[in-house]
Amino acid sequence: MKKFLLIIGTGALIGAMAAQAKLPPPPPKSDADKASEAQKAAAAKEKDAADLNKATDKAVANYKRNHAAMGKK
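No experiment lies behind these values; they were computed from the predicted model shown.

A. Region of the structure containing the overall build of the chain. Of the regular secondary structure elements, the chain holds two helices and zero strands. By the compact-globule yardstick of 11 Å for 73 residues, the chain is too spread out, its C-alpha radius of gyration being 30 Å. Counting across all 73 residues of the chain, residues that qualify as buried make up 0%. When the accessible surface of the chain is totalled, it reaches about 7,300 Å², and 66% of it is carbon and sulfur.

B. Broad picture of the pattern of salt bridges. Under the defined criterion, the tally for this structure stands at two salt bridges. Residues Lys29 and Glu37 are paired through a salt bridge, measuring 3.0 Å at the closest nitrogen-oxygen approach. Note on Lys29: relative accessible area 47%, which makes it partly exposed. You can call Glu37 partly exposed: its relative accessible area is 43%.

C. Structural view of the environment of Met17. By the element assignment, Met17 lies in helix α1 (residues 2-19). By relative accessible area, which is 56% here, Met17 ends up exposed. Spatially, the C-alpha atoms of Met17 and Lys47 are 46 Å apart, while their sequence positions differ by 30 residues.

Reading guide: rules and limits
- Residues numbered from 1 in each chain as written.
- Predicted model: local features only at pLDDT ≥ 70, side-chain atom pairs only at ≥ 80, totals over all residues.
- Heavy atoms only, no water.
- Helix = DSSP H or I, 4+ residues; strand = E, 2+ residues; numbered from the N terminus.
- Rg over C-alpha atoms; globule rule 2.2 N^0.38 Å.
- Buried < 20%, exposed > 50% of the residue type's maximum accessible area, 1.4 Å probe, protein only.
- Areas by Shrake-Rupley, 256 points an atom, 1.4 Å probe, with all protein chains shown as cover.
- Salt bridge = Lys/Arg side-chain N within 4 Å of Asp/Glu carboxyl O.

None of the figures reported here should be taken as evidence of function without further support.
Below is the structure:
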């Protein structure tokens, strides 16, 4: 029983030490990497805006199509 507790305690101690270990900082990004990321972000933003406009146009068309059928109250 003592041997078992000793093994469990040792494992917990090693695990606690490993949890406190720090990773090295990532290497700095080059200008090309930064430009590439900025270009990807701009393309994603443009696509999101186009999708929003498409959904808005679809909602307006649906409203116009069904508004007359609902009748005025």
